[in-house]
Amino acid sequence: MKLVPISRVALVSLGCKVNQNELEAMRHLFREAGYEPVPFPEKADVYVIHTCTVTHTSDRKSRQLIRRAVRANPEAVVVVTGCYAQVAPEEVLSIPGVDVVVGTRDRHRLVELVEEARKGGTPLNAVGVHEPGEEFEELPVVELSRARAFLKIQEGCEEYCTYCIVPYARGPFRSRAPEAILNEVERLVAKGYLEIVLTGVHTGAYGRDLTGGIDLAGLLKKIVRIPGLQRLRISSVDPLDFTPELKAMLTGEEVICPHYHIPLQSGDDTILERMGRRYSSSYYLDLIASLRSRRPRAAFTSDVMVGFPGETEEQFQNTMAVVKEAALAAIHVFPFSPRRGTPAAAMPGQIAPEVKKERERRLLQLGRRLARQYAREFLNETMAVLVERPLPGHPGVYEGHTGNYLNVAFLAAGDLTGQLVPVRLEELRGGLIWGQLEKDVREKQENRPGERNKDLAQH
């Protein structure tokens, strides 16, 4: 069936940061087994498509990537993993050219499954059913960039919001052992990473499945004690996960970035109830106010959905009002997408696509205005920027983020990627804050280009 000796593997991912992190771990598995990773969709002997299923668009893009891989080399082994593969394995297997389907578990067996597929026979359906009590799947922790490292600490969700396919795709709560997390943080700090981002499917639920009584607040208390750690960022925490202990940790430890991503989804209480979100708009606003009172200049960002079944114009306006009152620094807007098997997909009052698109446009417009409003508060200040990469299309210009996640661009004489440097923020232009590297750093660049400025981590 597959006669070409396997030596090259091309991998591609759709969806969230968790997916991207997992893809890099899978790339590492192939590399360790002797494969040569090549960019997708170059001609390869193995293609791995790590799919997303959060919306219909995600499903469609996943299928497009699968077909693209098959066209790139019809003789290759094509492997499909991830959330779409987990919830619709037969649908994936029906696509001509697919050889292996793996869902959101058993990714550590990928190389073994590829080698089995090369022996011929029918396509392999290796999608395992998630079961209560299953353990966190250990995958290699791979750094996505020279600037920050993403560390997955938790998997799965049991909230079952009425619109969401994720609990079906990702299974029950599984938390990584705290000892393993602490060892990884120590390793990453020793490698020179100044910022570590903790990620998960339901990060705020960390520890619920573990014995010993540890939760996210307890884990953070241990992590912040690790010598040399400069910045710790939490990817997302749901509103109801903010215990008094977690609030105290997030706002009382300078090493934890003053940037909190707290999903709202809707600012209307009736819609929130129909979504299965067990908080009110007033609870959300009180939570933001409580955190802001302890860390006044922190950035608050959020996810917001428009066009949930039955959403009226008045209810949409309620969402606009809450977003505005919360003074969110950035929002991700998602039009409702009915997912087969979820309660919301069968609810009456489905909103017309053009109405959802218009509401999305208006909310994004508000989000951009609020983002500019928040960014202006920091103009003419010097802040520590973690340099992430050269700015595409701008020779000599680098970009990175402050602790409160302002995106900053500045001119530099040499490569400062992975370093914390002081930048004076001067102008808001084109979605970026343009600044100037402080004079003392500019003068040091030629003499000590590799020195990392660790004194600025608290800014």
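How each quantity is defined
Note on numbering: residues in each chain are counted from 1, in written sequence order. Where totals are concerned, whole chains, interfaces and linings use all residues; where local detail is concerned, this predicted model gives features only for residues with pLDDT of at least 70, and gives and counts side-chain atom pairs only at 80 or more. Hydrogens and water are ignored here; the side-chain numbers use all heavy atoms of the structure. Numbering of helices and strands runs from the N terminus, with a helix taken as a DSSP run of H or I at least four residues long and a strand as a DSSP run of E at least two residues long. Only the C-alpha atoms count toward the radius of gyration. The rule for a globule is 2.2 Å times the residue count to the power 0.38. For every residue, the accessible area (1.4 Å probe, protein chains only) is compared with the maximum for its type, and the residue is labelled buried under 20%, exposed over 50%, or partly exposed between those bounds. To estimate how far a helix should reach, multiply one less than its number of residues by 1.5 Å. The contact definition used throughout considers only heavy atoms, calling two residues in contact when any of these lie within 4.5 Å. For two strands to pair, DSSP has to find at least two bridges joining them. Axis definition: a line fit to C-alpha positions, over the contact stretch in the case of helices; interaxial angles, taken between N-to-C directions, run 0 to 180 degrees. We define a nonpolar core as any set of buried Ala, Val, Leu, Ile, Met, Phe, Trp, Tyr and Cys residues linked to one another through side-chain atoms lying within 4.5 Å. We count a salt bridge whenever a side-chain nitrogen from Lys or Arg sits within 4 Å of a carboxyl oxygen from Asp or Glu. Summary of the metric used: pLDDT quantifies the predictor's per-residue confidence within the range 0 to 100. What goes into a patch is any residue over 30% in relative accessible area without a salt bridge, connected to like charges within 9 Å or, for nonpolar side chains (Val, Leu, Ile, Met, Phe, Trp, Tyr), within 5 Å. Exposure was quantified through the Shrake-Rupley algorithm and a 1.4 Å probe, taking into account, for residues, occlusion by the shown protein chains and nothing else. A positive count includes Lys and Arg, and a negative count includes Asp and Glu. His and the chain ends are not counted in either. Where a charge lies is defined by one atom per residue type, namely NZ (Lys), CZ (Arg), CG (Asp) and CD (Glu). Roughly parallel here means an angle under 35 degrees, roughly antiparallel means over 145, roughly perpendicular means 65 to 115, and every remaining angle is called oblique. Ten residues, namely Ala, Val, Leu, Ile, Met, Phe, Trp, Tyr, Cys and Pro, are considered nonpolar, four, namely Asp, Glu, Lys and Arg, are considered charged, and the remaining ones, Gly among them, are considered polar. Note on aromatic contacts: the rings of Phe and Tyr and the six-membered ring of Trp form a pair at centre separations within 6.5 Å, being stacked when their planes are under 30 degrees apart, edge-to-face when over 60 apart, and tilted otherwise. Distance and angle both matter: a charge sits over a ring if NZ of Lys or CZ of Arg is within 6 Å of the ring centre and within 35 degrees of the ring normal.

*Asks:* Explanation requested: the overall build of the protein chain in the structure shown.
*Replies:* Secondary structure assignment for the protein chain yields 14 helices and 18 strands. Against the 2.2 N^0.38 benchmark of 23 Å for 459 residues, the protein chain shows a C-alpha radius of gyration of 23 Å, consistent with a compact globule. Its C-alpha atoms give the protein chain principal-axis dimensions of about 65 × 60 × 50 Å. Counting only residues that meet the buried cut, the protein chain has 56% of its 459 residues in that class.

*Asks:* Would you mind showing me how to read helix α11 (residues 281–294) here?
*Replies:* Within an α-helix, residues lying three or four positions from one another point in the same direction, as the helix has 3.6 residues per turn. When the terminal C-alpha atoms of α11 are compared, their 20 Å separation across 14 residues agrees well with the 20 Å that a helix rising 1.5 Å per residue should span. Every buried residue of α11 is accounted for by S281, Y284, L285, L287, I288, S290 and L291. Where α11 is buried, its residues contact α9 (244–252), α10 (269–275), β12 (299–306) and α12 (313–326).

*Asks:* Sorry, what's going on with the sheet that holds strand β7 (residues 148–155) here?
*Replies:* By way of backbone hydrogen bonds, the strands of a sheet pair with one another, either parallel or antiparallel. Within the open sheet, the four strands sit side by side as β8-β7-β9-β10. Their pairing is mixed. Strands at the two margins of the open sheet, each flanked by one partner only, are β8 (174–175) and β10 (231–234). Relative to β7, helix α7 (residues 178–190) is tilted by about 175 degrees, and along the sheet it contacts β7 and β9 (195–200). Across the sheet, helix α8 (residues 216–223) is in contact with β7, β9 and β10; its angle to β10 comes to roughly 165 degrees.

*Asks:* Please explain the sheet that holds strand β11 (residues 259–261) as it appears in this structure.
*Replies:* Pairing in this open sheet of three strands is parallel, and the strands run β11-β12-β13 from one edge to the other. Two strands in the sheet have a free side with no partner beyond their single neighbour: β11 and β13 (330–335). When the angles between neighbouring strand axes are averaged without regard to direction, this sheet yields 15 degrees. Where β12 lies against β13, six bridges are found, and the strand directions are parallel. Bridged to V304 within β13 is V333.

*Asks:* What is the right way to look at the nonpolar core in this model?
*Replies:* Ranked by internal contacts, the top residues of the largest apolar core, which has 65 residues, are L220, L232 and L363. In terms of nonpolar packing, the next biggest core, distinct from the first, is built from 23 residues, L14, V38, I66 and Y84 among them.

*Asks:* I tried to follow the pattern of salt bridges on my own but got confused; where do I start?
*Replies:* Pairs can form between side chains of opposite charge once their charged atoms are near each other. Tallying each qualifying case throughout the model produces 31 salt bridges. Through salt bridges with shared partners, one network takes in E22, R107, K152, E155 and R170.

*Asks:* Sorry, what's going on with the confidence of the model for the protein chain here?
*Replies:* Mean pLDDT over the protein chain stands at 91; residues scoring 70 or higher make up 92%. Below a pLDDT of 50 lies the segment residues 449–459, which in the model reaches 26 contacts outside its immediate sequence neighbourhood of four places, other chains included.

*Asks:* Would you explain the pairing of β7 in this entry?
*Replies:* For a regular strand, side chains alternate in direction, first toward one face of the sheet and then toward the other. For β7, the buried fraction is high: eight of the eight residues fall into the buried class. Relative to β9, β7 runs parallel, the two sharing six bridges. Note that in β9 the partner of R148 across the bridge is E195. In this structure, β7 lies alongside β8, joined through two bridges in antiparallel fashion. The residue bridging Q154 from the neighbouring strand is S175, located in β8.

*Asks:* How do you make sense of the side chain of T342 when you look at a structure like this?
*Replies:* Tracing the backbone through its elements, the reader meets T342 in the loop between β13 and α13 (353–376). Among all residues touching T342, those that are not within four sequence positions of it are T162, Y163, C164, I165 and Y168.

*Asks:* What should I look at first to understand a positive patch on the surface in this one?
*Replies:* The grouping of K324, R368, R369, R372 and R376 at the surface amounts to a positive patch. Among the elements that take part in the positive patch, α13 stands out by supplying four residues, more than any other. One can find R372 in helix α13. Given a relative accessible area of 37%, R372 falls into the partly exposed group.

*Asks:* It is not clear to me how the environment of G252 should be interpreted in this structure. Could you clarify?
*Replies:* Tracing the sequence through the fold places G252 in helix α9. Its relative accessible area of 54% is what places G252 among the exposed residues. For the pair G252 and I271, spaced 19 residues apart in sequence, the C-alpha to C-alpha distance is 34 Å.

*Asks:* Explanation requested: the packing of α11 against α12 in the structure shown.
*Replies:* Packed helices, taken two at a time, are described by the angle between their axes plus the distance between the axes. Their axes nearest at 10 Å, the elements α11 and α12 cross at an angle of 10 degrees. The angle between α11 and α12 falls in the class roughly parallel. Where α11 abuts α12, its residues S281, Y284, L285, I288 and R292 lie against V322, E325 and A326. Taken together, the residues of the contact of α11 with α12 break down into five nonpolar, one polar and two charged.

*Asks:* Honestly, the packing of aromatic side chains in this entry has me stumped. Any pointers?
*Replies:* The relative placement of two aromatic rings is captured by the distance of their centres and the angle of their planes. Under the counting rule described, the total for this entry stands at seven aromatic pairs. Pairing F40 with Y47 gives two aromatic rings, centres 5.9 Å apart and planes at 90 degrees, and the pair type is edge-to-face. On the basis of relative accessible area, F40 is assigned to the buried category, the value being 17%. By relative accessible area, Y47 is classed as buried at 0%. Here F308 and F336 contribute two aromatic rings whose centre-to-centre distance is 5.5 Å and whose plane-to-plane angle is 70 degrees, an arrangement assigned as edge-to-face. Pair noted here: F308 is in the loop between β12 and α12 and F336 is in the loop between β13 and α13, with a separation of 28 residues, a long-range link. Among the aromatic residues, those joined into a cluster by ring pairs are Y163, F308 and F336. For the cation-ring pair, R429 lies above W434, with the distance from its terminal atom to the ring centre recorded as 4.5 Å.

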